[in-house]
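The chain contents come next:
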Amino acid sequence: MAQPDPAPSADAIHLNAISKRYGRTLALDAVSFNVRDQELFALLGPNGAGKTTLLHILCTILRPDSGTALIDGIDVAKNPLEARQRLGIVFQEPSLDDRLTVRENLELHGLVYGVPRKLRRQRIEEMLALVELSDWASKPVRALSSGMKRRLEIARALIHDSRILLLDEPTVGLDAQTRDRIWAYLRRLRAERDITVLVTTHYIEEVEDCDRVCIIDSGKVLALDTPEALKRAHGQSLVRLTPTAEADLEAITARYQDRLTARKGNELTLVSDDAFITAFLAEFGTRITALKVEVPSLETVFLTLTGRELRDRAAGAREQTLAFGKRGGEHTR
Amino acid sequence: MNGGAMHWRRRLMVQLGGLYGLWLREVMRAFRDTGQLIGGVSRPILWVLILGIGLNPYFRGEVYGAVTFVVPFTYLQFIFPAVIALNIMFTSVQSAVSVIWDREFGFLREVLVSPLSRTTVLLAKVLGGTTVALLHGCLVLVLARFADIPITWADLPKALGLMALLAFALTSLGVVIANRIRSFQGFGIFSNAVILPLYFTSSSIFPLDPALSRAQTRVVYPDWLVTLVEWNPLTYAVDALRGALIHYNQFDPLLGIGIIVTACVVLFSVALIDFYRT
Ligand SMILES: Nc1ncnc2c1ncn2[C@@H]1O[C@H](COP(=O)(O)OP(=O)(O)OP(=O)(O)O)[C@@H](O)[C@H]1O
Ligand SMILES: [Mg+2]
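Quick summary incoming for the structure in this document. (Residues numbered from 1 in each chain as written. Chains lettered and ligands numbered in written order. Predicted model: local features only at pLDDT ≥ 70, side-chain atom pairs only at ≥ 80, totals over all residues. Heavy atoms only, no water.)

## A word on the coordination of the magnesium ion (ligand 2)
Residues and elements named next belong to chain A. Spelled out, the test is: In this analysis a donor is any N, O or S atom within 2.8 Å of a metal ion (3.2 Å for sodium, potassium and calcium), and since water is not included, sites may seem incomplete. Numbering of helices and strands runs from the N terminus, with a helix taken as a DSSP run of H or I at least four residues long and a strand as a DSSP run of E at least two residues long. Residue burial is assigned from relative accessible area. The probe radius is 1.4 Å, only protein chains are included, and a residue is buried under 20% of its type maximum, exposed over 50%, and partly exposed in between.
Looking at the metal site, the magnesium ion (ligand 2) is ligated by Thr52 (OG1) and Gln92 (OE1), spaced 1.8 to 2.1 Å from it. Placement of the pair is Thr52 in helix α1 (residues 51–58) and Gln92 in the loop between β6 (87–90) and α3 (102–112), with a sequence separation of 40 residues. Of the residues examined, Thr52 reaches a relative accessible area of 22% and is grouped as partly exposed. Taking relative accessible area as the criterion, Gln92 reaches 9% and is therefore assigned buried.

This is how it looks when you write it as structure tokens:
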């Protein structure tokens, strides 16, 4: 007899007023949103926005102070084992056993998720091929570079029938080439398998391709829409210009005080529109050496919404853990 | 109805499969740890062959010519079961310490978000440690003929059973301690603060005179030492093991089994409660 389906719902993830407090920090402030089935959904936010906290609540490592979270219609607080069976997770920090080989790590994952032996063998080969690690299958994980480890973690999250893939900053600390490859895997995966992907990142250029983007800061959802809609609603076009002399700079600054968003050395960034450019060129056209117009981008959306630029962090937790592993431990473990 | 039963069985199979996978991981990791293997082999050799054989001649019923007590075994035979316990103790605690590494290096997360219950995860860890410790205990058993201990087919299962229970209790103990240590100070702290004190005060390397009554014992040995030995649960475990291997018991052998089983249940429960709390 077939299992009755869980409460039918078109949403892969449903969050309702999730709040979480660490001591005095409010990490999540009544966050609600839905991720639709088969969607590639990005959670974009600066350091400390609460992205990891949210993902940890979804995979039941943390309990929210209030609110409910549903995975495929299953309440993660009430039925954590069922919910977890459907999730594939790639954490921000590494979580491989680096004494085991690549294949052993995948085998172990398959056993732990109850994947039948034949399917397990087949999936392992498939996923190793997907992330281009087939040649490394019998190497111990400690021999892999951090980019390879990241790819292995993605492969591992796909060994079982994960319906929903959660990736916490899968590309952080990796070179541009590896980052592109990881996104290529995710796209290929979505073409081949019915899967919903929720990915967090603070690289703005990465979310352009996603179906929908949720911008989060200080535990609050600031905006949620398709990249195009976000740009239309909150994007501004900007001009970056370099005045000829100090006096010109002063004059422009004084004249367009309310449009000025940033000043770096002698480069000014002003909020622009078509009328502004015409007027500006008529007045200051001869007093600048360079002018660049930037069309609305998610970068400017973010700037408008948060009043801050997204910046690359210094050493993240992941790199710190890796450094810790290199420093000591290895032989004492 | 039928569907519900299938569902239930499928869940159990997932837990059992996971238990097997994580258990296998523990065992595989232990066999790749050459340091642990070397310790497991050299420790019994030092204790049995060097210390045991070296001290053997001094261990007689005579002190300055006056017979104090006569025992029906040699020193080597006497310490042999205790060396098994020592080897089990080291290995168990060493396996348990990997709890700290799993937490530090993130592997624990991978397991915590899997469909396994925490009971399964902990049980796999403890059973893995138990298996490795039991094998290290058997390494000592191989030296039995150097210690003049004939091991019969009847004794062997008894001894192995006791060793397994002891290993389970000690691995649980190691996990309980490891969970209480937030920063890792190395294995040294365990061996110096837990293993060696437990070992030395368990009547493992010197016998409390079996011929004396309790009151007389307290006259011959300092009071505090007798008290320590009597309060140390390991005393009874070693004693039970001695009963199985050299057929000599200072205490009721059932007492030893009772204490080990109780320790298994209590320590594992404490470890489990800790685990569900974090
Ligand atoms: N274990 C903790 N104890 C106390 N505060 C915490 C803890 N974990 C996170 N926080 C705080 O909660 C807030 C959200 O943190 P979180 O890790 O979710 O951010 P994030 O968006 O993942 O950031 P990052 O991009 O750096 O990974 C931060 O202010 C952080 O300092
Ligand atoms: Mg994070």
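## What about the packing of aromatic side chains?
To keep it simple, the criterion reads: The rule is short: rings of Phe, Tyr and Trp, with Trp giving its six-membered ring, pair when the centres are within 6.5 Å, and they are stacked under 30 degrees, edge-to-face over 60, tilted in between. Whether a charge lies above a ring is judged from NZ of Lys or CZ of Arg, which has to be within 6 Å of the ring centre and within 35 degrees of the ring normal.
Within the structure shown, the criterion is met by 13 aromatic pairs over all chains. Pairing Trp47(B) with Tyr199(B) gives two aromatic rings, centres 5.2 Å apart and planes at 85°, and the pair type is edge-to-face. Taken together, the residues Trp47(B) in helix α2 (residues 34–55) and Tyr199(B) in helix α7 (residues 187–200) connect sequence positions 152 residues apart. Of the aromatic side chains, those joined through ring pairs into one cluster are Tyr256(A), Phe276(A), Phe280(A) and Phe284(A). Just above the ring of Phe91(A) sits the side chain of Arg109(B); from NZ or CZ to the centre is 5.6 Å.

## Quick look at the site of ligand 1
Residue and element names in this part refer to chain A. Note the threshold: Distances are taken per atom, and a residue is near a molecule or strand as soon as one of its heavy atoms is within 4 Å of it. Any N or O atom pair separated by 3.5 Å or less is treated as a polar contact, with the protein-specific requirement of one donor-capable and one acceptor-capable atom, and with residues adjacent in sequence counted only for side-chain atom pairs. Accessible surface is estimated by sampling points in the Shrake-Rupley manner with a 1.4 Å probe; for residues, cover comes only from the protein chains shown.
The environment of ligand 1 is formed by 14 residues, the closest being Gly48, Lys51, Thr52, Thr53 and Gln92. At 2.5 Å, a side-chain N or O of Thr52 approaches an oxygen atom of ligand 1. Here Thr53 contributes a side-chain N or O atom positioned 2.5 Å from an oxygen atom of ligand 1. Taking 630 Å² as the accessible area of ligand 1 by itself, protein coverage stands at 63%. Secondary structure elements with two or more residues in the shell around ligand 1: β2 (25–36) and α1. For the shell around ligand 1, the leading source of residues is α1, giving three residues.

## What to know about the sheet that holds strand β11 (residues 237–243) of chain A
All names here are of chain A. As a reminder of what qualifies: Strands are labelled as partners when DSSP assigns at least two bridges between them. Angles run from 0 to 180 degrees between N-to-C directions of axes, and those axes are lines fitted to C-alpha atoms, restricted for helices to the stretch in contact.
The antiparallel open sheet is built from four strands, whose spatial order is β12-β13-β11-β14. Edge strands, defined here as strands with exactly one partner in the open sheet, are β12 (260–264) and β14 (288–294). Put simply, the sheet's adjacent strands are angled 20° from each other on average, direction ignored.

## Section: the interface of chain B and chain A
Heads up, the rule is: Whether two residues touch is decided by their heavy atoms; if any such pair falls within 4.5 Å, the residues are in contact. The term buried area means the drop in 1.4 Å probe accessible area that two parts suffer when joined, counted for both and summed. In the sections that follow, a salt bridge refers to a side-chain nitrogen of Lys or Arg positioned within 4 Å of a carboxyl oxygen of Asp or Glu. Each residue gets one label: Ala, Val, Leu, Ile, Met, Phe, Trp, Tyr, Cys and Pro are nonpolar, Asp, Glu, Lys and Arg are charged, and the others, such as Gly, are polar.
Contact residues are listed per partner, giving 29 residues for chain B and 32 residues for chain A. Across the interface of chain B and chain A, roughly 3,000 Å² is buried in total on both sides, 59% from carbon and sulfur atoms. The largest share of the area that chain B buries against chain A comes from Phe105(B), Arg109(B) and Val113(B), three residues that together contribute 23% of it. Here chain B is connected to chain A by six salt bridges. Run the count over chain B and chain A and you get twelve residue pairs in polar contact (both at pLDDT 80 or more). Elements represented by at least two residues in the side of chain B that touches chain A include exactly α1 (2–32), α3 (75–104) and α4 (107–112) of chain B. With 15 residues, α1(B) is the largest single contributor of residues to the side of chain B that touches chain A. For the side of chain B that touches chain A, the class distribution of residues is eleven nonpolar, nine polar and nine charged.

## What about helix α8 (residues 246–255) of chain A?
Residue and element names in this part refer to chain A. For the record, the criterion: Picture the helix axis, draw a direction to every C-beta atom, and the arc is the one those directions span.
Among all positions in α8, only Asp248, Leu249, Ile252 and Thr253 are buried. In a view along the axis of α8, the buried residues occupy a sector of 130°, so they form one face of it. Exposed and facing more than 90 degrees away from the buried side of α8 are Glu246, Ala247 and Ala254. Considering only its buried residues, α8 is in contact with β11, β12, β13 (267–272), α9 (274–284) and β14.

## Describing the side chain of Asp155(B)
All names here are of chain B. The test is simple: By the counting scheme adopted, Arg and Lys are positive, Glu and Asp are negative, and His together with the chain ends is not counted.
The residue Asp155 is located in helix α6 (residues 155–180) in this model. The buried charged residue Asp155 lacks any salt bridge partner; its closest oppositely charged side chain belongs to Lys158, at an N-O distance of 4.5 Å. When residues no more than four places from it in sequence are discounted, the contact partners of Asp155 are Pro150, Ala244, Leu245 and His247.

## Concerning the nonpolar core
What counts is decided by this rule: Here, nonpolar core refers to any group of buried Ala, Val, Leu, Ile, Met, Phe, Trp, Tyr and Cys residues whose side-chain atoms link them within 4.5 Å.
Ile13(A), Leu15(A), Phe33(A), Leu166(A), Leu22(B), Phe80(B) and Ile84(B) are the most contacted members of the largest nonpolar core, which has 108 residues in total. When residues in this core are grouped by element, the largest group, 19 residues, is from α3(B). Ignoring sequence-local partners within four residues, the contact set of Leu22(B) consists of Leu108(A), Val112(A), Phe107(B), Val111(B), Leu116(B), Val121(B) and Ala124(B). Membership of the second largest hydrophobic core comes to 44 residues, among which are Ile154(A), Ala157(A), Trp183(A) and Phe302(A).

## A few points about α2(B)
Residues and elements named next belong to chain B. Put simply, the test is: Expected helix span is computed as 1.5 Å times (number of residues minus one). The seven residues ending at a residue and the seven starting there each receive a fitted axis; the angle between those axes is the bend at that residue.
Between its first and last C-alpha, α2 extends 30 Å over 22 residues, near the 32 Å set by a 1.5 Å rise per residue. Where α2 bends most, at Leu46, the angle is about 25°. When we look at burial in α2, the residues that qualify are Gln36, Gly39, Gly40, Arg43, Pro44, Trp47, Val48 and Gly52.

## Considerations on the sheet that holds β2(A)
Residue and element names in this part refer to chain A. Sheet architecture is open: four strands sit in the order β2-β1-β4-β5, paired in antiparallel fashion. At either margin of the open sheet sits one strand with a lone partner, and together these are β2 and β5 (74–75). Bridge count for strand β1 (residues 11–22) against strand β4 (residues 66–71) is five bridges, and the pairing is antiparallel. Among the inter-strand pairings, Leu15 is bridged to a residue of β4, identified as Ala69.

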